[in-house]
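# Architecture at a glance
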Amino acid sequence: LPDDRTGEEGAGTRVEVIEESVRVSQALRAIGTRLDATPFMVRLALLKAFLSRLCGQDDVRVGSPVSGRDRTELEALVGMFVNTLALRTDVSGDPSFAGVVERVRRTCLEAFAHQEHPYDRLVERLNPARDPRQAPLLPVLFASGQALGAVSAAGLTADPQDSEIANGGEAA
């Protein structure tokens, strides 16, 4: 993605967290159902359509983390197995949003089918020009998930939506 900032003011990483309402989540799920896509794919299509318009580019590259536990023999192991998927989508030709979702859906299915290939090896093999301000090949990282609900253990309950911790259901 083109950067309109130069030098130090353009350096660094920005993180944006977008919370969506239940109504929006339900609408995205309904769109996905109609288009045979997951809510993740619909959200990614929204992001890619936005980035394409914002930057005037038809080739939109976004990275997304995956668990890396796609084999049963890894399920019992302790540790991080996260890999980054490179999700490259061509949005040329002014497609409808449904068309963007279909292209993103194909991109995701192809990428998930090959998720065992480490991102680092892909970068090593392609050897792209490096920019210290962003990850190679992927100027944007996208992660989508549901917020965790309350967690209870040993008579304590922690609710990330409410900063209070309750002891046995009563305020501590």
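The preceding data block contains the structure.
Given the structure is predicted, the values throughout are model-derived calculations rather than measurements.

## Some points on the packing of helix H2 (residues 39–55) against helix H3 (residues 97–113)
Closest axis-to-axis distance for the H2/H3 pair is 9 Å, and the angle between their directions is 115 degrees. Crossing of H2 against H3: the hand is right-handed. Taken together, the residues of H3 that come into contact with H2 (itself represented by Phe40, Met41, Val42, Leu44, Ala45, Leu46 and Lys48) are Phe97, Val100, Val101, Val104, Arg105, Cys108, Leu109 and Phe112. For the contact of H2 with H3, the class distribution of residues is 13 nonpolar, no polar and 2 charged.

## A word on unusual backbone geometry
One non-glycine residue, Asp36, lies in positive phi territory at about 60 degrees. With respect to the helices and strands, Asp36 occurs in the loop between helix H1 (22–35) and H2. Although it is not a glycine, Asp94 sits at a positive phi angle of roughly 55 degrees. Residue class for Asp94 comes out exposed when judged on its relative accessible area of 62%.

## Digging into the packing of H1 against H2
Taken N-terminus to C-terminus, the directions of H1 and H2 make an angle of 100 degrees; their axes are 8 Å apart at the nearest point. In terms of orientation, H1 lies roughly perpendicular with respect to H2. Side by side, H1 and H2 meet where Ser25, Leu28, Arg29, Ile31 and Gly32 of the first sit next to Pro39, Val42, Arg43 and Leu46 of the second.

## A short note on the pattern of salt bridges
Taken as a whole, this structure holds 5 salt bridges when the rule is applied. A salt bridge links Asp36 to Arg105, with the nearest nitrogen and oxygen atoms 3.0 Å apart. You can see Asp36 sitting in the loop between H1 and H2 and its partner Arg105 sitting in helix H3, a full 69 residues away along the chain. Look at Asp36 and you get exposed, because its relative accessible area is 54%.

Criteria and cut-off values
Residues numbered from 1 in each chain as written. Predicted model: local features only at pLDDT ≥ 70, side-chain atom pairs only at ≥ 80, totals over all residues. Heavy atoms only, no water. Axes fitted to C-alpha atoms, helices over the stretch in contact; angles between N-to-C directions. Helix = DSSP H or I, 4+ residues; strand = E, 2+ residues; numbered from the N terminus. Left-handed = near helix turned anticlockwise from the far one by under 90°. Contact = heavy atoms within 4.5 Å. Nonpolar A, V, L, I, M, F, W, Y, C, P; charged D, E, K, R; others polar. Buried < 20%, exposed > 50% of the residue type's maximum accessible area, 1.4 Å probe, protein only. Parallel < 35°, antiparallel > 145°, perpendicular 65-115°, else oblique. Salt bridge = Lys/Arg side-chain N within 4 Å of Asp/Glu carboxyl O.

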